[in-house]
Amino acid sequence: MSVSGSWVRAARGAMLLSDDGELRPTIFAEMSALAARTGAINLGQGYPDEDGPRAVLEAAKRAIDEGLNQYPPGRGMPVLLEAIANHQQRFYGLRVDPEREVLVTTGATEAIAATLLALVDAGDEVVTFEPFYDSYAAMIALAGGVHVTVALPAPAFRPDLDRLRAAVTDRTRVILINSPHNPTGTVLDREALELIVELAHRHDAIIVTDEVYEHLVFGVEHIPISTLPGARERTVTISSGGKTFSTTGWKIGWLIAPPELLDAILAVKQFLSYVSGAPFQPAIATGLGLPDSYFADAAAALAVKRELLGSGLRRAGFEVSRPDGSYFIIADAAPLGFIDAVEFCRRLPQLAGVAGIPLTAFVRPERHADYRSLVRFAFCKRAEVLDRASAQLAQLRRT
């Protein structure tokens, strides 16, 4: 049975095909299955193990009880469109037209897919930082684009601005950024963001910004790039409710863009999921209207968990990063004698009863050597789970 060339390109872009063309599971699926089979604590996948705020959960239940169980409007329910616009005004001072500049999507992943499929033509270059969220490569390949990357070197994971300047050219169609960054937790500073805006203007590129961790930053400021002069008219801003409200399974995301860009994206999105979960949309709208204290407390609680797992990893002998945002921390297994993180992660459930993800899952094969011994762990778990994981990881010093 033959498969389409575009599907093969996307699968290879996401490193899902073996050299002989066979479909293979992602490292995420492999590690999660290994954790389930061995009973290991799964710090590989980035999802919380606690429910979100009660007000948000109750709003979803009410919506179901009130019969909001059929197709919602294609652009999204007005209550959520308004809430997203109000959120942008409240937190960032951005005035957004909810009817023309906001689109609800099935998670941020669909927003990224629809945006790249709509805006990238065959041969167009898309610049991302590397490591990168795995769906970026797949969607760039599916759109027929050329993926150009700028490395975030370990251990600081900060971009070299001269390399960024060199990467963006007149062939660049999209500059795709992710801040706070998955997997490294880097938060781009104003200097880097201003350069991205400058380069987008110089080379007539579109900025696509993935900001799903926008409220989960620790002692630094998240600056939406669309707030900078000259950015908004050429920026697609993507976010979601899953991370902020611990509802990753609901898959309610959105994007904000100038009408001409949004209409092009909608033309693609309507043939992907068409619409997204009706009863969850008013629930996420409820979340976006929660008081400032909720957002501050959520970030503060996560910062405590970052320190809890980071301390445990250091006691176990890892060298550990200190992320400025997101759910994730990067640990170097080389001081423990493990130089290949893929092999280490496959052994870790047996060695310590914990699962992680090798950072090479987020980079292209030609850059594996730069990140070979690094592991991503998720700290968005209950404190007692992180305590138990830390105690079990301490066993590594004795192996």
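For every chain, the first residue of the written sequence is number 1, and numbering continues from 1 along that sequence. Whole-chain, interface and lining totals are the exception, using all residues; otherwise, since this is a predicted model, local features are given only for residues with pLDDT of at least 70 and side-chain atom pairs are given and counted only at 80 or more. Only hydrogens and water are removed before side-chain values are computed, so all heavy atoms of the structure are retained for them.

As named in an unreviewed UniProt entry, the protein chain is Aminotransferase class I/II-fold pyridoxal phosphate-dependent enzyme, taken from Lysinimonas soli. Heading Cofactor (unreviewed entry) of the UniProt record for the protein chain holds this comment: "pyridoxal 5'-phosphate". UniProt positions are given in the numbering used here, feature names are shortened, and annotations may be inferred rather than shown by experiment.

> Looking at this structure, how should I read the overall build of the protein chain?
Every helix listed is a DSSP run of H or I at least four residues long, and every strand listed is a run of E at least two residues long, numbered separately from the N terminus. What the protein chain contains, in helices and strands, is 13 helices and 13 strands. The C-alpha radius of gyration computed for the protein chain amounts to 21 Å, which stays within 12% of the reference 21 Å derived for 399 residues, consistent with globular compactness. In terms of overall dimensions, the protein chain has C-alpha extents of about 60 × 50 × 50 Å along its principal axes. For each residue, the accessible area found with a 1.4 Å probe, counting protein chains only, is set against the maximum for its type, and the residue is called buried under 20%, exposed over 50%, and partly exposed in between. Sorting the 399 residues of the protein chain into buried and exposed places 59% on the buried side. Here the radius of gyration uses the C-alpha set of atoms, whereas the globule reference equals 2.2 Å times the residue count to the power 0.38.

> Sorry, what's going on with the environment of A369 here?
Positionally, A369 belongs in the loop between β12 (357–358) and β13 (374–378). Note on A369: relative accessible area 67%, which makes it exposed. In this structure, the C-alpha to C-alpha distance between A369 and P53, residues 316 residues apart in sequence, is 42 Å.

> Would you explain the sheet that holds strand β10 (residues 328–332) in this entry?
In a beta sheet, neighbouring strands pair by backbone hydrogen bonds and run either parallel or antiparallel. The antiparallel open sheet is built from 4 strands, whose spatial order is β9-β10-β13-β12. Each of the sheet's edge strands pairs with one partner strand only, and the pair in question is β9 (319–320) and β12. Sheet topology note: the β12/β13 ladder contains 2 bridges and is antiparallel. Bridge pairing in β13 links P358 to V375. In this analysis, strands are considered paired if DSSP registers two or more bridges between them.

> Hey, could you run me through the packing of helix α4 (residues 78–92) against helix α10 (residues 280–288) in this one?
One way to put it is that α4 packs onto α10 with a least axis distance of 8 Å and a crossing angle of 20 degrees. Between α4 and α10, the crossing angle belongs to the class labelled roughly parallel. Where α4 crosses over α10, the handedness of that crossing is left-handed. Across from V79, L80, A83, I84, H87 and R90 in α4, the residues of α10 making contact are Q281, P282, I284, A285 and L288. Axis definition: a line fit to C-alpha positions, over the contact stretch in the case of helices; interaxial angles, taken between N-to-C directions, run 0 to 180 degrees. Note that the term roughly parallel is reserved for angles under 35 degrees, roughly antiparallel for angles over 145, roughly perpendicular for angles of 65 to 115, and oblique for everything else. When the near helix sits turned anticlockwise from the far one by under a right angle, the crossing is termed left-handed; a clockwise turn instead gives a right-handed crossing. Residue contacts are counted whenever heavy atoms from the two residues lie within 4.5 Å of one another.

> What am I meant to see in the side chain of H222 here?
Mapping H222 onto the fold places it in the loop between β6 (206–210) and β7 (235–240). Here H222 falls in the buried class, since its relative accessible area comes to 8%. Other than its neighbours up to four places away in sequence, H222 contacts Y92, S179, P180, V187, E211, E214 and V217.

> Quick question: what am I supposed to make of the packing of helix α3 (residues 54–65) against α10 here?
When two helices pack together, their arrangement is given by the angle between the helix axes and the distance between those axes. Two numbers describe how α3 lies on α10: the axes approach to 8 Å, and their chain directions differ by 150 degrees. Here α3 lies roughly antiparallel to α10, going by the angle between them. Handedness of the crossing formed by α3 with α10: right-handed. In this structure, α3 contributes A55, V56, A59, A60 and A63 to the contact, and α10 contributes F280, P282, A283, T286 and G287. Its residues assigned to classes, the contact of α3 with α10 comprises 8 nonpolar, 2 polar and no charged. Three classes are used, and their members are as follows: Ala, Val, Leu, Ile, Met, Phe, Trp, Tyr, Cys and Pro are nonpolar, Asp, Glu, Lys and Arg are charged, and the others, Gly among them, are polar.

> Any chance you could explain the layout of surface pockets here in plain terms?
In this structure, the largest pocket occupies an estimated 570 Å³ of space. In the cavity and pocket records, a cavity denotes points on a 1 Å grid over the protein atoms alone where a 1.4 Å probe fits but cannot get out, a pocket denotes an open set with protein on both sides within 12 Å along at least 5 of 7 lines, and lining residues are residues with an atom within 4 Å of a point. Around the largest pocket, the lining is made up of 25 residues, and of these G46, T109, Y133, N182 and K243 lie nearest the centre. Considering each element in turn, the lining of the largest pocket owes the most residues, 4 residues, to helix α5 (residues 107–119). The residue inventory of the lining of the largest pocket, partitioned by class, reads 10 nonpolar, 10 polar and 5 charged. Grid points are joined across faces, edges and corners, and a volume is the space filled by probe spheres set on the points.

> What should I look at first to understand unusual backbone geometry in this one?
Across the chain, the bulk of peptide bonds are trans and the bulk of non-glycine residues have phi less than zero. Residue E130 is joined to P131 through a cis peptide bond whose omega torsion reads 10 degrees. Between N182 and P183 the backbone carries a cis peptide bond, its omega angle lying at 25 degrees. Relative to the helices and strands, P183 is located in the loop between β5 (172–178) and α8 (190–203). We note that F157 has phi near 60 degrees; this positive angle belongs to a residue other than glycine. Position of F157 relative to the elements: it lies in the loop between β4 (146–151) and α7 (161–167).

> What should I look at first to understand the state of the cysteines in this one?
Should the sulfur atoms of two cysteines be covalently bonded, the bond is a disulfide. Note on disulfides: each one is a pair of cysteine sulfur atoms within 2.5 Å. Enumeration over the complete set of coordinates arrives at 0 disulfides. Free cysteine: C345, not disulfide-bonded; nearest cysteine sulfur from C380 at 16 Å. Using a relative accessible area of 4% as the deciding quantity, one classes C380 as buried.

> Looking at this structure, I do not really get the environment of G52. What am I missing?
With respect to the element layout, G52 can be found in the loop between β1 (41–42) and α3. Judged by relative accessible area, G52 falls into the buried class, the value being 14%. Distance in space between the C-alpha atoms of G52 and G74 is 26 Å, their sequence separation being 22 residues.

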